[in-house]
Amino acid sequence: MISIRGLSKAYATPSGKLQALDGLNLTVEKGDIIGIIGFSGAGKSTLVRCINRLEEPDKGSIAIGDTVLTGLKESQLRQARRKIGMVFQQFNLFEGKTVFHNVAFPLKVAGCDKATIRKRVCEVLELVQLGDKEKAYPSQLSGGQKQRVGIARALVNEPDVLLCDEATSALDPQTTYSILELLRDINRKLELTVVLITHELDVLQHACNNVAVIEQGKIVETGSVDKFFLYP
Ligand code: ADP
Ligand code: ADP
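Residues numbered from 1 in each chain as written. Chains lettered and ligands numbered in written order. Predicted model: local features only at pLDDT ≥ 70, side-chain atom pairs only at ≥ 80, totals over all residues. Heavy atoms only, no water.

Per an unreviewed UniProt entry, the protein chain is named ATP-binding cassette domain-containing protein, and its organism is Cohnella endophytica. Quoted straight from UniProt, the Sequence similarities (unreviewed entry) entry for the protein chain says "Belongs to the ABC transporter superfamily." (UniProt positions renumbered as here; feature names shortened; annotations may be inferred.)

In structure tokens:
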């Protein structure tokens, strides 16, 4: 479902060139729930920005299914971005919009009609167990509820991949656990490929089937979570 080959990205800094991604390779199978784990500075954010095309890689390719994201024109990019649902650490909700309108936003941008929007938004709000909160504003919700709205918004366009960037890092352990349960649930129910970018071992242990370790801009180890936790 995801195939990344030879991905490189350097930043120009006052002290010279900084190789944030260095020929990174990664394959994620359809329906997997995989954690990409690494310390601060390993290249996680740069990888995410290359995948959602906020950043242009220097070299290499990224494909989601049959669609090669790298090298797309601006006009093709908008369509391709819909293949990836993004969930963020700080939720990134519109504070002035209700839950309903936050979740509806990607569908409005995509030009869907009102009946379709209503149906889809209600479906995904049920899925994240917020069916009764559609008229609430983000300020009236707990952190965990806000992230459920973020997940609903990421799912509303029926993406091929759900990409969660430190999605539980702003939450307390109990809430983290319930969000990870929800992501597992979505992975199973929708057979959706889920990628969790994280610096926390807990996230791997509670949510993922597979692990990829990122270090100095490369994937240095991959395998099942069970195998990963056998090592000291
Ligand atoms: P992580 O998300 O794993 O902490 P990043 O992708 O943010 O890693 O960073 C990888 C490396 O690239 C780090 O050394 C970081 O300092 C550097 N870096 C990230 N963004 C920039 C930037 N805009 N300009 C210069 N260096 C950057
Ligand atoms: P616009 O911003 O274009 O005026 P609307 O406010 O009419 O759009 O909302 C678009 C769709 O969302 C409509 O189908 C409307 O019925 C539905 N909708 C709007 N607010 C809510 C809400 N709080 N609960 C349920 N459905 C809503």
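Next comes the rest of the description.
(A) Looking closely at the site of ligand 1. As a matter of local geometry, ligand 1 sits amid 13 residues, with Gly41, Gly43, Lys44, Ser45 and Thr46 nearest to it. Between an oxygen atom of ligand 1 and a main-chain N or O atom of alanine 42, the distance comes to 3.2 Å. Within the backbone of lysine 44, one N or O atom sits 2.9 Å away from an oxygen atom of ligand 1. For ligand 1, the accessible surface in isolation is 560 Å², of which the surrounding protein chains cover 65%. (Near = heavy atom within 4 Å. Polar contact = N/O pair within 3.5 Å; in protein donor to acceptor, adjacent residues only side chain to side chain. Areas by Shrake-Rupley, 256 points an atom, 1.4 Å probe, with all protein chains shown as cover.)

(B) Fine view of the sheet that holds strand E9 (residues 210-215). Ordered in space as E6-E7-E8-E3-E9-E10, the six strands form an open sheet in which the pairing is mixed. Edge positions in the open sheet fall to strand E6 (84-88) and strand E10 (218-224), since each of these has one partner strand only. Averaged over neighbouring strand pairs, the angle between their axes works out to 20° when direction is ignored. The pairing of E6 with strand E7 (residues 161-165) spans five bridges and is classified as parallel. When the sheet's bridge partners are listed, glycine 85 is paired in E7 with leucine 162. (Pairing = 2+ DSSP bridges. Helix = DSSP H or I, 4+ residues; strand = E, 2+ residues; numbered from the N terminus. Axes fitted to C-alpha atoms, helices over the stretch in contact; angles between N-to-C directions.)

(C) Up close: the site of ligand 2. With respect to spatial proximity, the complete set of residues near ligand 2 consists of Phe100, His101, Lys108, Lys114, Arg118, Glu134 and Lys135. Of the residues forming the shell around ligand 2, the biggest block, three residues, is contributed by helix H3 (residues 99-109).

(D) How the structure looks around the environment of threonine 168. Its place among the elements puts threonine 168 in the loop between E7 and helix H6 (173-190). Accessibility expressed as a relative area gives 5% for threonine 168, which makes it buried. Put simply, threonine 168 and leucine 7 are 161 residues apart on the chain and 26 Å apart in space, counted from C-alpha to C-alpha. The contacts of threonine 168, once residues within four sequence positions are left out, are Thr176, Ile179, Leu180, Glu200 and Val203. (Buried < 20%, exposed > 50% of the residue type's maximum accessible area, 1.4 Å probe, protein only. Contact = heavy atoms within 4.5 Å.)

(E) Expanded view of the side chain of lysine 44. Turning to its location among the elements, lysine 44 is positioned in helix H1 (residues 44-51). There is a polar contact of 2.8 Å between the side chain of lysine 44 and the backbone oxygen of glycine 38. Once you skip the residues sitting within four places of it in the chain, lysine 44 turns out to touch Ile36, Gly38, Phe39, Glu166, Ile197, Thr198, His199 and Ile214.

(F) Structural view of the confidence of the model for the protein chain. When pLDDT is averaged along the protein chain, the result is 95; 99% of the residues meet or exceed 70. Predicted complex, confidence summary: ipTM 0.69, pTM 0.88. (pLDDT = per-residue confidence, 0-100.)

(G) Main features of the sheet that holds strand E2 (residues 16-28). With antiparallel pairing, the four strands of this open sheet are ordered in space as E2-E1-E4-E5. The sheet is open, and its two edges are formed by E2 and strand E5 (67-68), each paired on a single side. In this fold H1 packs onto strand E1 (2-13), E2 and strand E4 (59-64), with an angle of close to 115° to the strand it touches most, E1.

(H) Up close: the packing of aromatic side chains. With the rule as written, the count across this model stands at two aromatic pairs. When the ring of phenylalanine 94 is compared with that of phenylalanine 105, the centres are 4.8 Å apart and the planes differ by 65°; the resulting orientation is edge-to-face. Of the two residues, phenylalanine 94 sits in the loop between E6 and H3 while phenylalanine 105 sits in helix H3, which places them eleven residues apart along the sequence. What makes phenylalanine 94 partly exposed here is its relative accessible area of 33%. Each ring, one from phenylalanine 228 and one from phenylalanine 229, has its centre 5.4 Å from the other, and the planes form 85°; the classification is edge-to-face. The ring centre of phenylalanine 94 lies 5.5 Å from the NZ or CZ of lysine 97, which sits over that ring. (Phe/Tyr/Trp six-rings, centres within 6.5 Å; stacked < 30°, edge-to-face > 60°. Lys NZ or Arg CZ within 6 Å of the ring centre and 35° of its normal.)

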